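Chain by chain, the residues run as shown.
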Amino acid sequence: MFYNINATEGVNEVLKHAANIAQKYNNNEIATEHLLYGIICVKDCLASKLLVEYGVKKEALVQIFKANKAPENYFSNTSDLTPRSKQVFVVAQQVASGLNHNFVGVEHILFAILLSTDCVAVEILQSVFKVNVMDLRNKLLQSLRNNKFENDSDFELSENNKSNAIKSELPEHLLDMGEDLTLKAKQGSTIFFTGCAS
């Protein structure tokens with residue numbers, strides 16, 4: 001559990017690696033670039049495999065941290081999340097909830113980072129690794145929608161969510177614009193409508 005989020009062990013591992021790299025290079029706060037490093041350190045998860053597939057290298061990230069190392073007198077040996085990183089976790093929880101997942105996994109964290117187009121992690125992906133962020137985001141979203149994760153033991157869905165894993169029949173471009181209310185009704189979700197009186 002992290003910030004009232006039902007996080008997987010993989011997310012805890014991301015935070016551990018992110019805190020370690022932040023402290024190693026004298027950063028008091030865990031920023032999005034540290035979370036990115038933490039993600040790529042987690043073995044056997046879809047998020048890290050996708051990053052590697054798109055050419056992201058752990059060693060290159062370390063070189064960036066090394067080049068931007070803060071002075072030692074700046075470091076206080078405590079690590080907290082930056083406001084932007086905290087927002088990543090809030091968005092990740094919203095994404096997971098929107099997909100009827102009862103947990104926040106590493107893939108949700110990466111997806112939330114990719115939505116923060118003006119964060120340092122995304123700048124690094126685009127400028128250093130020449131990643132097509134929208135393409136990566138779409139590929140990751142497709143996997144999240146299909147409940148495809150690399151490590152099934154880390155991403156067990158509840159029986160309730162398994163039964164709710166009915167796929168929408170709407171075209172992808174319509175789903176990108178909003179929700180499939182018919183699908184929500186089939187899943188037994190409460191739908192609120194607003195309109196004018198006749």
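Residue numbering note: each chain is counted from 1, following its sequence as written. Reporting of local features is limited, given that this is a predicted model, to residues whose pLDDT is at least 70; pairs of side-chain atoms are given and counted only at 80 or more, and all residues count toward the totals for whole chains, interfaces and linings. Only heavy atoms go into the side-chain values, all of them from the structure, while hydrogens and water stay out.

## What to know about the confidence of the model for the protein chain
What counts here: For every residue, the predictor states its confidence as a pLDDT score lying anywhere from 0 to 100. Any two residues whose heavy atoms approach within 4.5 Å at even a single point are treated as in contact.
Residues at a pLDDT of 70 or more form 70% of the protein chain, whose mean pLDDT is 81. Low pLDDT, under 50, characterises residues 152-166; the predicted model gives this stretch 26 contacts beyond four residues in sequence or across chains. The low-confidence segment residues 185-198 (pLDDT under 50) makes 10 contacts with residues lying over four places distant or belonging to another chain.

## Focus on the pattern of salt bridges
How we decide: Within this document, salt bridges are pairs made up of a side-chain nitrogen of Lys or Arg and a carboxyl oxygen of Asp or Glu, the two lying within 4 Å of each other. Remark: exposure states derive from per-residue accessible area (1.4 Å probe, protein chains only) relative to the maximum for the residue type, with buried under 20%, exposed over 50%, and partly exposed in between.
By the definition in use, this model includes 3 salt bridges. Among the salt bridges present, the one from Lys86 reaches Asp80, with a minimum N-O distance of 3.5 Å. We classify Lys86 as partly exposed; its relative accessible area is 32%. You can call Asp80 partly exposed: its relative accessible area is 37%.

## Quick notes on unusual backbone geometry
Rule in force here: Numbered from the N terminus, helices here are DSSP runs of H or I no shorter than four residues, and strands are runs of E no shorter than two.
Phi is positive for Asn26, close to 60 degrees, though the residue is something other than glycine. Tracing the chain through its elements places Asn26 in the loop between α1 (9-24) and β1 (29-30). According to the relative accessible area criterion, Asn26 is buried, its value standing at 7%. A positive phi angle, close to 60 degrees, is found at Asp44, a residue other than glycine. Relative to the helices and strands, Asp44 is located in the loop between α2 (32-41) and α3 (46-53).

## Describing the side chain of Thr32
By the element assignment, Thr32 lies in helix α2. With near-sequence residues (within four places) excluded, Thr32 lies in contact with Arg84, Ser85, Val88, Ile113, Cys119, Val120 and Ala121.

## Section: the packing of α1 against α2
The criterion, for reference: To define axes, lines are fitted to C-alpha atoms, for helices over the stretch in contact only, and angles between the resulting N-to-C directions are given on a 0 to 180 degree scale. Small angles under 35 degrees read as roughly parallel and large ones over 145 as roughly antiparallel, with 65 to 115 read as roughly perpendicular and the rest as oblique. Here is the rule for handedness: rotate from the far helix to the near one, and if that takes an anticlockwise turn smaller than a right angle the crossing is left-handed, while a clockwise turn gives right-handed.
α2 packs onto α1 with a crossing angle of 125 degrees between their chain directions and a minimal axis gap of 7 Å. For the element pair α1 / α2, the angle class is oblique. When you trace α1 past α2, the crossing you get is right-handed. On α2, the residues that touch Glu13, Val14, Leu15, His17, Ala18, Ile21 and Ala22 of α1 are His34, Leu35, Tyr37, Gly38, Ile39 and Cys41.

## Quick look at the packing of α3 against helix α8 (residues 133-145)
Closest axis-to-axis distance for the α3/α8 pair is 11 Å, and the angle between their directions is 150 degrees. The angle between α3 and α8 places the two elements in the roughly antiparallel class. α3 and α8 meet at a crossing whose hand is right-handed. Here α3 contributes Leu46, Leu50, Leu51 and Glu53 to the contact with α8, which in turn contributes Leu136, Lys139, Leu140 and Ser143.

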